[in-house]
Amino acid sequence: VRSLDQFLGKSYREATTETERLRISLAGTATLLLWLGWLRSSEVFGLRWCDIDVTLPEEGPTLDLPKGVGVVACRLQPETKSSRDR
């Protein structure tokens, strides 16, 4: 994970066009969601921007989060959730 993050960071810094930076940013976002969210590929690549909510750290207390803590939340369709009894 660290190696991929370093590769994407280096690639982003060396990118010469906005299109390149956008593609690298999308790859980084997918990596983040796949690893930290423990989401399946069908869940990650089926997300739309309207399915993602970002709360910045300074807005954290509005969601009862500790001061200085933010969150990235994804709205998943019911069929993507695992059955709790399995």
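Relevant structure appears above.
Here's a quick rundown of the structure. (Residues numbered from 1 in each chain as written. Predicted model: local features only at pLDDT ≥ 70, side-chain atom pairs only at ≥ 80, totals over all residues. Heavy atoms only, no water.)

1. Quick word on the pattern of salt bridges
Move 1: Within the structure shown, the criterion is met by five salt bridges.
Move 2: In this structure, the salt-bridge partner of Asp51 is Arg48, at a minimum N-O distance of 3.0 Å. (Salt bridge = Lys/Arg side-chain N within 4 Å of Asp/Glu carboxyl O.)

2. So, the environment of Glu43
Move 1: When you line up the elements, Glu43 lands in helix H3 (residues 41–44).
Move 2: Relative accessible area serves as the criterion here: at 8%, Glu43 is assigned to the buried category.
Move 3: Sequence separation of Glu43 and Arg75 is 32 residues, and the distance between their C-alpha atoms is 9.9 Å. (Helix = DSSP H or I, 4+ residues; strand = E, 2+ residues; numbered from the N terminus. Buried < 20%, exposed > 50% of the residue type's maximum accessible area, 1.4 Å probe, protein only.)

3. Notes on the packing of helix H1 (residues 2–14) against helix H2 (residues 18–36)
Move 1: Running from N to C, H1 and H2 point in directions that differ by 160°, and their axes come no closer than 9 Å. Taken together, the axes of H1 and H2 lie roughly antiparallel to each other. The two elements H1 and H2 meet at a crossing, and its hand is left-handed. Here Leu4, Leu8, Ser11 and Tyr12 of H1 come into contact with H2, specifically with Arg21, Ile24, Ser25, Ala27, Gly28 and Thr31.
Move 2: Residues of the contact of H1 with H2, tallied by class, amount to five nonpolar, four polar and one charged. (Axes fitted to C-alpha atoms, helices over the stretch in contact; angles between N-to-C directions. Parallel < 35°, antiparallel > 145°, perpendicular 65-115°, else oblique. Left-handed = near helix turned anticlockwise from the far one by under 90°. Contact = heavy atoms within 4.5 Å. Nonpolar A, V, L, I, M, F, W, Y, C, P; charged D, E, K, R; others polar.)

4. Regarding the layout of surface pockets
The gaps left among the atoms become clear once a water-sized probe is rolled over them.
Move 1: Space inside the largest pocket adds up to approximately 200 Å³.
Move 2: In terms of lining, the largest pocket is formed by Leu26, Ala27, Thr29, Ala30, Leu33, Val44, Phe45, Leu47, Arg48, Trp49 and Ile52.
Move 3: Take the lining of the largest pocket: its biggest share by element is five residues, from H2. (1 Å grid on protein atoms, 1.4 Å probe; cavity = no way out; pocket = protein on both sides within 12 Å on 5 of 7 lines; lining within 4 Å. Points joined across faces, edges and corners; volume = space filled by probe spheres on them.)

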